2 protein chains.
Amino acid sequence: MSTELLHDLDEVLLMGPGPSMVPESVLKALATPTLGHLDPQFIELMDEIQSMLRDLFRAESGLCLPLSGTGSAGMEATFVNLIEPGDRVLILKNGVFGNRMEDVAGRLQAEVETLDYEWGTPVVPQDLREKLASSAPYKIVAMVHAETSTGVANPAEEVAEILRDNPALYLLDCVTSLGGMNVDVTEWGVDAAYSGTQKCLSCPPGLAPVFFSDKAVDALRSRQSKVPNWYLDVTMLLSYWSGEKRVYHHTAPINMLYGLYAALDLVLTEGLDASFARHRAAHRQLVNGLDAIDLQMLVEEKSRLPMLNAVVVPEGIDEAALRKRLRQEFLIEIGAGLGPLAGKIWRIGLMGHTANPENVDRVLEALEKSVSE
Amino acid sequence: MSTELLHDLDEVLLMGPGPSMVPESVLKALATPTLGHLDPQFIELMDEIQSMLRDLFRAESGLCLPLSGTGSAGMEATFVNLIEPGDRVLILKNGVFGNRMEDVAGRLQAEVETLDYEWGTPVVPQDLREKLASSAPYKIVAMVHAETSTGVANPAEEVAEILRDNPALYLLDCVTSLGGMNVDVTEWGVDAAYSGTQKCLSCPPGLAPVFFSDKAVDALRSRQSKVPNWYLDVTMLLSYWSGEKRVYHHTAPINMLYGLYAALDLVLTEGLDASFARHRAAHRQLVNGLDAIDLQMLVEEKSRLPMLNAVVVPEGIDEAALRKRLRQEFLIEIGAGLGPLAGKIWRIGLMGHTANPENVDRVLEALEKSVSE
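Everything quoted here is computed from the prediction, not taken from an experiment.

## Quick word on the packing of helix α6 (residues 125–134) of chain B against helix α7 (residues 156–163) of chain B
What describes two packed helices is the angle between their axes and the distance between those same axes.
All names here are of chain B.
Argument step 1. Two elements in contact, α6 and α7, have axes whose closest approach is 9 Å; the angle formed by their N-to-C orientations is 20°. The pairing of α6 with α7 is recorded here as roughly parallel in orientation. Regarding α6 and α7, the two cross each other, and that crossing is right-handed. Judged by residue contacts, Pro125, Leu128, Arg129 and Leu132 of α6 engage Glu158, Val159, Ile162 and Leu163 from α7.
Argument step 2. Broken down by class, the residue content of the contact of α6 with α7 amounts to 6 nonpolar, no polar and 2 charged.

Put into structure tokens, the structure is as follows:
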């Protein structure tokens, strides 16, 4: 018996749909000796993390905390805390993660309706306006901000405008957007949002920062039935994460929270606007470089995400073989297409620490060699 | 902005109810550069972890995998995957974690019955025999093996004997027992079990090793309704964790899994029986030492857990002040009592890496000084 597998791991440049590259200071933070989950020093750290998350979400009220699961647990948590059987939910969807919302909400016995868009194209706000005008009220309107499966930026701000005077709760998936492009829950009137640590925050996967507005917390507190998920019940989590006396709920993932703290520190020290600009610059560099080697983007320019780039696989190229070569020969990971886009696109991530000029050069060079040979 | 909070953390000897002390090699493993969750090297590691978990649970068939949440997510997962509304569930309970089972199962609309025992005393197998003889069949009979809130070892083997010819699924909480005392899902015919990483495995909190027997997997596959929890749906997780083609479900907590791999390696290299013996020896040393300073155990000898020791707070001692002094002056964490035992006991953990003679000496010395002054 030995831990040889760990010592033999390659150091791979992570340019897929997440995880992104993790900076040394975050890795080091993970290895900080473990404290107890009720230790006064750890509670101080929890308070600091919550304050940093408020800055990240631009949340002036409501609550922010990191849930003890990956980004998908964040999706599960926002829906399970806000839905009761029979609640009407409208999902605007155009990719894997919108589909997943529909699945999650359906399992919770919501009455789910959807507005569907072709993968690779964005949600059309005007359709929402018409849908709301012609339908009974919804409890929740949900959308993915940055659709990681297609590289599409959905119009979160326009949707916010339409929902401004609507009683529905606005639920926004910010897994891939948070930290890499503007997310402003206060300005947009978002009521529930969730993210993951392994995208633009450059922390390993394992935690889900979530936001609930005061309106969402009110909805949660006036539920008729208990949240059918003890582990993710936010009312109970609140007793641990805030308030005078910290009530034990479950043992928090201490070391992952050390990592998140260090990762948030990096993002906020750089500054959100500087981080967004860096992501955009890396994206422009990538798109220009791809253009120079005749590779096309899937998504039209105005709806492209900076941090997730869907590149059309040219005719005659074995996309899986190319990804394998990139991984083995160039030590670069890029992502495959999913669902209807499987075999048709590559997904190149420029998330967090990954988004810098050297990395973009490296993937462009590797692609050029691999596509041309 | 700086990460000063992390640099200023004390190094605390963790002798509470978990987390336990994390060995250097496990901390170091956490800081291994992150790979992608579909990387071939990472998939090799996943396979190895599953194989190690089978050894740990002594599972000759069925499935073992680590869920992406803490031990409490393990409880949530076993119940949510196996329960459908109206299913009859019997819970044998005598502490916080038995109560939690009742809460979790109730939220899932199970028809829950319980056999209740005074906190600090064990479940009585004969009662189960009588209950089964006089009741309609149960789908699940559930019990906590090592009740962390009281220090009681429940009679998992005797319960197994009674359930041997019963159609009910035997669900066993092994959060605190796994790795520190015998757990043998094959010999005992356990159908679903879960644990946490931060107890006798000496890995930071954040993952929940779970076991499902073939019988439990059959039950899961013949459900009438979808599992009402997308994140913890084991049928979908299986497609990622095993099989020819690994289907993306959620992004696994890569670095935590590095840590678990290193932690499992330590436990299995030591050998399970040697680990159990070390836990028993540390426990005997502690009990003898406590006896010498006139501190009494809550639980009678034959039902005491080795890794969680409930010590009666003597009359006239401010238990919270003593814990605070241990933490501040001696840099030792011990746990408080919960529920009806709040203020009445301390909980001293001897879990995993914590269970060694030096640590026992250190806590005894600190207690002696603090109690006598």
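## Concerning the packing of helix α13 (residues 319–329) of chain B against helix α14 (residues 357–372) of chain B
All names here are of chain B.
Argument step 1. Two elements in contact, α13 and α14, have axes separated by 10 Å at closest approach and are oriented at 135°. With respect to α14, the axis of α13 lies oblique. Pair α13 / α14 crosses with right-handed handedness. Of the residues in α14, those touching α13 at Leu322, Arg325 and Leu326 are Ala366, Leu367, Lys369, Ser370 and Val371.

## Description of the relation of the copies chain B and chain A
Relating the two copies of this chain is a rotation about some axis coupled with a shift parallel to it.
Argument step 1. Of the two same-sequence chains, chain B is brought onto chain A (RMSD 0.0 Å, axial shift 0.0 Å) by a rotation of 180°. Those values place the two copies in the arrangement expected of a two-fold rotation axis. Within chain B, the C-alpha atom positioned nearest to the axis of rotation is that of Gly69 of chain B, 2.6 Å from it.
Argument step 2. Of all interface residues in chain B, 100% are interface residues in chain A too; the two copies therefore contact each other through one and the same surface.

## Re the interface of chain B and chain A
Argument step 1. Every contact between the two is made by 74 residues of chain B and, on the other side, 74 residues of chain A.
Argument step 2. Carbon and sulfur atoms supply 62% of the area that chain B and chain A bury against each other, a total of about 6200 Å² over both sides.
Argument step 3. Arg107 of chain B is the salt-bridge partner of Asp233 of chain A, the closest N and O atoms lying 2.8 Å from each other.
Argument step 4. Between the two partners, chain B and chain A, sit 24 residue pairs in polar contact (both at pLDDT 80 or more).
Argument step 5. It is helix α11 (residues 254–270) of chain B that contributes the most residues to the side of chain B that touches chain A, 9 residues altogether.
Argument step 6. Of the residues that constitute the side of chain B that touches chain A, the class distribution is 37 nonpolar, 21 polar and 16 charged.

## Points about the pattern of salt bridges
Argument step 1. For the structure on display, the rule yields 40 salt bridges over all chains.
Argument step 2. In this structure, Asp191 of chain A engages Lys215 of chain A in a salt bridge whose closest nitrogen and oxygen atoms are separated by 4.0 Å. Highlighted residues: Asp191 of chain A in the loop between α8 (185–188) and β9 (192–194) and Lys215 of chain A in helix α9 (residues 214–221), separated in sequence by 24 residues.
Argument step 3. Lys226 of chain A is the partner of Asp103 of chain B in a salt bridge, and the nearest nitrogen-oxygen pair spans 2.8 Å. Note that Asp103 of chain B is positioned in helix α5 (residues 96–107) and Lys226 of chain A in the loop between α9 and α10 (234–241), a pairing that runs across two chains.
Argument step 4. Its relative accessible area of 53% is what places Lys226 of chain A among the exposed residues.
Argument step 5. A single salt-bridge network, built from bridges that share partners, covers Arg88, Glu111, Glu113 and Lys131 of chain A.

## Overview of the sheet that holds strand β13 (residues 335–336) of chain B
Residue and element names in this part refer to chain B.
Argument step 1. Strand order in the open sheet formed by 3 strands is β11-β14-β13, with antiparallel pairing between adjacent strands. Because the sheet does not close on itself, it has two edges, and the strands there are β11 (308–312) and β13.
Argument step 2. For β11 and strand β14 (residues 345–349), the ladder comprises 5 bridges, and the chain directions are antiparallel. By the bridge assignment, Val311 is partnered in β14 with Trp346.
Argument step 3. Packed on one face of the sheet, α13 meets β13 and β14 and runs near 30° to β14.

## Topic: the pairing of strand β5 (residues 140–144) of chain B
Residue and element names in this part refer to chain B.
Argument step 1. Where burial is concerned, most of β5 is hidden: 5 out of the 5 residues are buried.
Argument step 2. Of the two faces of β5, the one lined by Ile140, Ala142 and Val144 and the one lined by Val141 and Met143 are each fully buried.
Argument step 3. Two strands pair when backbone bridges link them, and strand β3 (residues 88–93) and β5 are joined in this way by 4 bridges, in the parallel orientation. Residue Leu90 lies in a different strand from β5, and its bridge partner there is Val141.

## Details of helix α3 (residues 40–57) of chain A
Residues spaced three or four apart along an α-helix point in a common direction, a consequence of the helix completing one turn every 3.6 residues.
Residues and elements named next belong to chain A.
Argument step 1. With 18 residues, α3 ought to run about 26 Å at 1.5 Å a step, and its terminal C-alpha atoms sit 26 Å apart, in line with that.
Argument step 2. At the N-terminal boundary of α3, the capping side chain belongs to Asp39, with an oxygen 2.9 Å from the backbone nitrogen of Gln41.
Argument step 3. Arg58 occupies a position one or two residues after α3 and carries a positive phi of about 55°.

## Notes on the environment of Val227 of chain A
Argument step 1. Summarising the element assignment, Val227 of chain A is placed in the loop between α9 and α10.
Argument step 2. Taking the relative accessible area as the measure of exposure, Val227 of chain A reaches 3% and is therefore buried.
Argument step 3. Along the backbone, Val227 of chain A and Val80 of chain A are 147 residues apart, and their C-alpha atoms lie at a distance of 6.5 Å.
Argument step 4. The residues contacting Val227 of chain A, other than those within four sequence positions of it, are Val80, Asn81, Leu220 and Asp233 of chain A together with Arg107 of chain B.

## Points about the sheet that holds strand β3 (residues 88–93) of chain A
Residue and element names in this part refer to chain A.
Argument step 1. Reading across the sheet, the 7 strands line up as β2-β10-β9-β8-β5-β3-β4 and stay open at both edges, with mixed pairing between neighbours. Strand pairing shows two members of the sheet lacking a second neighbour, β2 (63–67) and β4 (111–116), which therefore form its edges. Ignoring strand direction, the axes of neighbouring strands in this sheet form an average angle of 15°.
Argument step 2. Alignment of β2 against strand β10 (residues 208–212), held across 5 bridges, turns out to be antiparallel. Within β10, the position partnered with Pro66 by the bridge is Pro209.

## Remarks on the confidence of the model for chain A
Argument step 1. The predicted model of chain A has a mean per-residue pLDDT of 97, with 99% of residues at 70 or higher.
Argument step 2. Interface confidence for the predicted complex, expressed as ipTM, amounts to 0.97; the pTM equals 0.98.

## Some points on the pairing of strand β10 (residues 208–212) of chain B
Residue and element names in this part refer to chain B.
Argument step 1. By the criterion of burial, β10 is predominantly enclosed, with 5 of the 5 residues buried.
Argument step 2. Neither face of β10 is open: one carries Ala208, Val210 and Phe212, the other Pro209 and Phe211, and all of them are buried.
Argument step 3. In this sheet, β10 lies alongside strand β9 (residues 192–194) in antiparallel orientation, the contact comprising 3 bridges. Looking at the pairing, Ala192 lines up with Phe212 of β10.

## Side note on a negative patch on the surface
Residue and element names in this part refer to chain A.
Argument step 1. On the surface, a cluster of negative charge is contributed by Glu60, Glu157, Glu158 and Glu187.
Argument step 2. Among the secondary structure elements, Glu158 is positioned in helix α7 (residues 156–163).
Argument step 3. Since its relative accessible area comes to 43%, Glu158 is described here as partly exposed.

## So, the side chain of Asp233 of chain A
Argument step 1. If you trace the backbone, Asp233 of chain A turns up in the loop between α9 and α10.
Argument step 2. Exposure remark for Asp233 of chain A: the relative accessible area of 4% places this residue in the buried category.
Argument step 3. If sequence neighbours within four positions are ignored, Asp233 of chain A has contacts with Asn81 and Val227 of chain A together with Arg107 of chain B.

## Examining the packing of aromatic side chains
Geometry of an aromatic ring pair is reported as the spacing of the ring centres plus the angle between the planes.
Argument step 1. On inspection of all chains with the given rule, the structure shows 8 aromatic pairs over all chains.
Argument step 2. Relative to Phe211 of chain A, the ring of Phe57 of chain A lies with its centre 6.2 Å away and its plane at 35°, an arrangement referred to as tilted. One end of the pair, Phe57 of chain A, is in helix α3; the other, Phe211 of chain A, is in strand β10, and 154 residues separate them in sequence.
Argument step 3. With relative accessibility at 0%, the residue Phe57 of chain A sits in the buried group.
Argument step 4. Measuring from centroid to centroid gives 6.1 Å for Tyr240 of chain B and Trp241 of chain B, while their planes differ by 75°, and the two rings are edge-to-face.
Argument step 5. The ring centre of Tyr138 of chain A lies 4.5 Å from the NZ or CZ of Arg88 of chain A, which sits over that ring.

Thresholds applied
- Residues numbered from 1 in each chain as written.
- Chains lettered and ligands numbered in written order.
- Predicted model: local features only at pLDDT ≥ 70, side-chain atom pairs only at ≥ 80, totals over all residues.
- Heavy atoms only, no water.
- Axes fitted to C-alpha atoms, helices over the stretch in contact; angles between N-to-C directions.
- Helix = DSSP H or I, 4+ residues; strand = E, 2+ residues; numbered from the N terminus.
- Parallel < 35°, antiparallel > 145°, perpendicular 65-115°, else oblique.
- Left-handed = near helix turned anticlockwise from the far one by under 90°.
- Contact = heavy atoms within 4.5 Å.
- Nonpolar A, V, L, I, M, F, W, Y, C, P; charged D, E, K, R; others polar.
- Least-squares fit on C-alpha atoms with pLDDT ≥ 70 in both.
- Buried area = accessible area lost by both parts, 1.4 Å probe.
- Salt bridge = Lys/Arg side-chain N within 4 Å of Asp/Glu carboxyl O.
- Polar contact = N/O pair within 3.5 Å; in protein donor to acceptor, adjacent residues only side chain to side chain.
- Buried < 20%, exposed > 50% of the residue type's maximum accessible area, 1.4 Å probe, protein only.
- Pairing = 2+ DSSP bridges.
- Expected span 1.5 Å × (residues − 1).
- pLDDT = per-residue confidence, 0-100.
- Patch = residues over 30% accessible without salt bridge, like charges linked within 9 Å, V, L, I, M, F, W, Y side chains within 5 Å.
- Areas by Shrake-Rupley, 256 points an atom, 1.4 Å probe, with all protein chains shown as cover.
- Lys, Arg positive; Asp, Glu negative; His and termini not counted.
- Charge placed at Lys NZ, Arg CZ, Asp CG, Glu CD.
- Phe/Tyr/Trp six-rings, centres within 6.5 Å; stacked < 30°, edge-to-face > 60°.
- Lys NZ or Arg CZ within 6 Å of the ring centre and 35° of its normal.

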